[in-house]
Amino acid sequence: MDKRLLQKLAPFSRESSLPTESSREPARGFFADLWGEGGFEALLLLGLVAGLAVAPFWLGGNRLPAWGVNGLYFPALVILFELGVLLAGRRHAVSITAIAGPAALFSAALLWICVQASPLASGALAHPIWSMASEALERPLDGAISVDRGQTLVFLLRLVTAASVFWLALQLSRRSHRAHFLLWTIAVIVAAYAAYGLFLSAFVSATIPFFEAPAQGLFVRSTFVNRNNFATYAGIGLVTTLALLIPLADRDAPREAGALAARLARRLEAAGLGGWLLLAAAFVIFVALLGTVSRGGILATILGAGALLALAYSRGRRGGENAGAVALVVAGLSATIFYFGDLIVRRTLDSGLDDGGRLAVFSITLRAILDTPLLGYGYGAFATLFPLYRDRSIPTADIWDKAHNAYLEAFLGLGLVFGAALVGALFWLAAKCVIGAATRRRASAPAAAAAACSLLVGVHSLVDFGVQIEAVALTYMAILGAGVAQAESSRISLSD
């Protein structure tokens with residue numbers, strides 16, 4: 001009887017706080033799932049990874065055909081997952097009640113978007129542009145809150161696609177080795193696109209093979225139309241790679257005393273033996289990031305990496321060992337910036353931190369928001385509405401189909417109440433990851449990566465629209481889903 005009791009209590013013993021074999025080698029644990037009882041979910045995870053790998057290829061997913069393909073593919077994976085749960089009589093790994101607050105806020109925003117695009121919302125609620133169009137065409141038109149119902153429906157599809165990726169990653173990443181496998185594959189995917197971008201910049205031309213996109217000089221942009229958007233994507237990949245690299249170095253490094261230089265050298269050797277792929281991926285991604293010469297993207301990535309290091313340092317019980325891992329990352333970043341960052345410094349000194357016209361667009365967008373603070377103009381309708389408010393503060397030759405501030409654009413489209421609900425849902429999930437990364441000692445890399453990437457995306461969204469590019473949004477939502485799934489200890493049941 002005593003032996004049985006000890007066997008039951010073994011997973012909760014002190015030794016269980018150490019990383020398991022499955023979390024140390026995510027590929028081994030994943031392929032064990034693939035040929036074991038979790039084969040169906042492992043196949044779905046492979047499908048998720050495949051979709052994330054293809055998403056950036058078509059100009060970062062920033063084209064209508066790509067939106068349609070992604071809008072069918074990822075929700076179809078969710079439907080297959082839900083059918084599997086239903087037919088097998090299993091439970092969800094993470095119940096919807098575990099994220100009840102963010103889910104409620106997101107559902108409210110989703111419902112409001114449907115109301116905005118509905119032709120039933122005519123009369124007093126309809127935007128005056130519909131009556132003007134009716135008079136100009138001399139025929140009756142159904143009004144709506146949205147000034148562009150078609151665009152609102154397209155953006156609704158994109159929002160549902162991103163939510164599908166989050167839900168699938170959340171359910172499939174409750175097991176530690178699966179979450180780590182997802183992060184590893186994302187790191188490799190981003191590194192591959194970064195290497196491709198460097199190759200195009202160095203040996204091909206300023207164009208993107210197979211696609212028509214405006215030339216942007218020799219800046220690195222990989223398959224993305226805008227180098228700033230690729231900077232966000234590369235930053236997400238770099239932070240994810242560092243999140244995997246830091247605990248790997250901490251785990252494998254010898255527990256010996258000595259000078260800081262000696263400990264740092266041993267830690268570099270330990271990380272190189274176990275994570276040479278991550279080291280190479282981090283270097284390639286970071287060089288490509290600097291090659292974008294995107295001031296906002298690079299600054300946001302530095303902030304995200306700094307947050308990641310702060311979380312890694314705060315978790316340690318032995319400060320010296322964690323300080324060695326932190327020193328390794330800082331040394332690598334500093335050396336790379338020293339050799340490749342001269343273009344960034346030169347561009348910042350020449351142009352400052354603001355591009356002419358962006359602050360004027362912010363001011364015009366804010367004025368439009370205050371004209372209709374509650375109803376909004378329709379989710380995703382910025383490009384249709386902005387010409388109505390545009391003034392001479394912006395050069396006539398400039399084209400502005402994005403506000404270059406995701407928050408202002410969300411408030412413009414949804415109104416202050418439901419725009420705050422959508423943004424608040426993401427902040428709530430990010431806060432769960434911050435708490436999980438700061439408190440968990442085991443399998444903390446997914447939560448730390450999600451928290452740091454949330455800071456990166458959140459900061460860069462103040463001056464750019466990278467999060468509105470599907471490749472960026474879908475990759476970030478996959479990391480966020482894995483982070484929320486691992487924010488709670490595996491000893492706590494989150495199933496429904």
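Each remark here, short or long, concerns the structure printed above.
Residues numbered from 1 in each chain as written. Predicted model: local features only at pLDDT ≥ 70, side-chain atom pairs only at ≥ 80, totals over all residues. Heavy atoms only, no water.

The next thing to look at is the packing of helix α4 (residues 39–54) against helix α5 (residues 64–88). Relative orientation and spacing of two packed helices are given, respectively, by the angle between their axes and the distance between those axes. Contact geometry for α4 and α5: axes closest at 10 Å, N-to-C directions at 175°. In terms of orientation, α4 lies roughly antiparallel with respect to α5. Note on element contacts: α5 touches α4 through Tyr-73, Phe-74, Leu-77, Leu-80, Phe-81 and Gly-84, opposite Phe-40, Glu-41, Leu-44, Gly-47, Leu-48, Ala-50, Gly-51 and Leu-52. Of the residues contributing to the contact of α4 with α5, the split by class is 10 nonpolar, 3 polar and 1 charged. (Axes fitted to C-alpha atoms, helices over the stretch in contact; angles between N-to-C directions. Helix = DSSP H or I, 4+ residues; strand = E, 2+ residues; numbered from the N terminus. Parallel < 35°, antiparallel > 145°, perpendicular 65-115°, else oblique. Contact = heavy atoms within 4.5 Å. Nonpolar A, V, L, I, M, F, W, Y, C, P; charged D, E, K, R; others polar.)

Next up on the list: the pattern of salt bridges. A complete count under the given rule lists 3 salt bridges for this structure. A salt bridge links Glu-41 to Arg-178, with the nearest nitrogen and oxygen atoms 2.5 Å apart. Of this pair, Glu-41 sits in helix α4 while Arg-178 sits in helix α9 (residues 176–203), placing them 137 residues apart in sequence. Classification of Glu-41 as buried rests on a relative accessible area of 14%. The buried category is assigned to Arg-178, whose relative accessible area is 2%. A salt bridge links Arg-367 to Asp-391; the nearest nitrogen and oxygen atoms lie 3.4 Å apart. Of the two residues, Arg-367 is situated in helix α15 (residues 358–371) and Asp-391 in the loop between α16 (382–389) and α17 (406–439); the sequence distance between them amounts to 24 residues. (Salt bridge = Lys/Arg side-chain N within 4 Å of Asp/Glu carboxyl O. Buried < 20%, exposed > 50% of the residue type's maximum accessible area, 1.4 Å probe, protein only.)

This paragraph deals with the packing of aromatic side chains. With the rule as written, the count across this model stands at 13 aromatic pairs. With 6.3 Å between their ring centres and 75° between their planes, Tyr-377 and Tyr-389 make a pair best called edge-to-face. A residue pair is termed long-range when its members are at least 10 positions apart, and Tyr-377 in the loop between α15 and α16 and Tyr-389 in helix α16 qualify at 12 residues. Using a relative accessible area of 2% as the deciding quantity, one classes Tyr-377 as buried. Above the face of the Trp-67 ring, Arg-158 is positioned so that its terminal group lies 4.2 Å from the ring centre. The side chain of Arg-158 reaches across the aromatic face of Phe-155, ending 4.8 Å from its centre. (Phe/Tyr/Trp six-rings, centres within 6.5 Å; stacked < 30°, edge-to-face > 60°. Lys NZ or Arg CZ within 6 Å of the ring centre and 35° of its normal.)

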